[in-house]
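# Understanding the architecture of this molecule
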Amino acid sequence: MILVLLLGGIGRRFRDAGYTCPKHQLPMPDGTPLLRHVLTSYFPFPAKVLVPLLMSYQTSDVMGLFPSWTEFYPLMQESPSPLHTILTTTSLSHALRVSRDAILIADCDSFLDAAECARGVRRMSYYATAGSFIQASTNGGAAYVQVDAAGYAQEIWEKDLFTTTSITGPYWWANAKSCWEDLTHGLMTGLTSIAPCLNHRIAMQPRSVWCTPTKTFQHLGTPQAYETYLAQHGRLVRRGASL
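The structure displayed is predicted, hence computed values, not measured ones. (Residues numbered from 1 in each chain as written. Predicted model: local features only at pLDDT ≥ 70, side-chain atom pairs only at ≥ 80, totals over all residues. Heavy atoms only, no water.)

Counting its regular elements, the protein contains nine helices and 12 strands. Here the protein has a C-alpha radius of gyration of 17 Å; the compact-globule value for 243 residues is 18 Å, and the two agree. Along the first, second and third principal axes, the C-alpha atoms of the protein reach 50 × 40 × 35 Å. Taken across its 243 residues, the protein has 51% of its residues classed as buried. Contacts in the protein between residues far apart in sequence, at least 24 positions, make up 70% of those at least 6 positions apart. Summed over its atoms, the accessible surface of the protein is roughly 11200 Å², and 52% of this surface lies on carbon and sulfur atoms. Placing the 19 positive and 17 negative side-chain charges of the protein at their respective mean positions leaves the two points 3 Å apart. (Helix = DSSP H or I, 4+ residues; strand = E, 2+ residues; numbered from the N terminus. Rg over C-alpha atoms; globule rule 2.2 N^0.38 Å. Buried < 20%, exposed > 50% of the residue type's maximum accessible area, 1.4 Å probe, protein only. Contact = heavy atoms within 4.5 Å. Areas by Shrake-Rupley, 256 points an atom, 1.4 Å probe, with all protein chains shown as cover. Lys, Arg positive; Asp, Glu negative; His and termini not counted. Charge placed at Lys NZ, Arg CZ, Asp CG, Glu CD.)

As structure tokens, then:
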């Protein structure tokens, strides 16, 4: 399986809120950077790691956290969206097109327990050709999914609260060909995020996208979410240069 981990943004919401370090380097309650927590969600099971990242992030303290078999794809400027990051990075998109492996796409600002992640991926591979994790959420900042009684996704909406179940990521495909088809269709129809691209798979093959509940998923994509997480774990971090 190939893990695609996205580091193509500059964390604009955090900069606007006064933070001075990149989002993936935000300190966690144990003192380690957020990126280390993200990476522990997915190892040791990916056979290959593909990472599109900004040139300014190509430092030893960032790249040194990844395993030696990681392939980095430098970006000259900030990517406007996760979908754009994957499909317009020429060498990365070529690697996906020619691969026959399963694909797992994840963000640099969210993580979950590694054992739960591995179990979820195994269940997706048993029940479906694509899938993701879900949790109860009404925070208005995620993609929402309608699932049937068996756990198959019926429809996904980006940041549209039509259900109380959010689809969280990471996002899994049984093979790179299906992943490429869904992402390409999403970009052509004006999408910017990964989750609603799965609607293409659902339309072509109903009951092909299976969602597994998660109890450990944490998404720290906004300053509010990050600060709430720190408060819940007994640590406060001031914004600004103290980071």
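Let's pick the thread back up.
This next bit is on unusual backbone geometry. A cis geometry characterises the amide bond from G169 onward to P170, with omega recorded as -5 degrees. Relative to the helices and strands, P170 resides in the loop between β9 (165–167) and β10 (171–173). One non-glycine residue, R207, lies in the positive phi region at around 60 degrees. Mapping R207 onto the fold places it in the loop between α8 (198–204) and β11 (209–213).

Take the state of the cysteines next. One way to say it: the disulfide is the covalent bond shared by the sulfur atoms of two cysteines. Under the criterion given, the structure shown has zero disulfides. Left unpaired, C179 is separated from the closest cysteine sulfur, that of C197, by 8.7 Å. Residue C179 is classed as buried on the basis of its relative accessible area of 1%. (Disulfide = S-S within 2.5 Å.)

Attention now moves to the pairing of strand β2 (residues 48–54). Counting buried positions over the seven residues of β2 gives six, a clear majority of the element. Here β2 pairs with strand β3 (residues 70–75) via six bridges, running parallel. Along β3, the bridge assignment pairs P52 with Y73. (Pairing = 2+ DSSP bridges.)

It is worth spelling out the environment of P74 at this point. With respect to the helices and strands, the residue P74 is situated in strand β3. Here the alpha-carbon distance between P74 and A203, two residues 129 residues apart in the chain, equals 34 Å.

What is shown is where atoms sit, not what they do.
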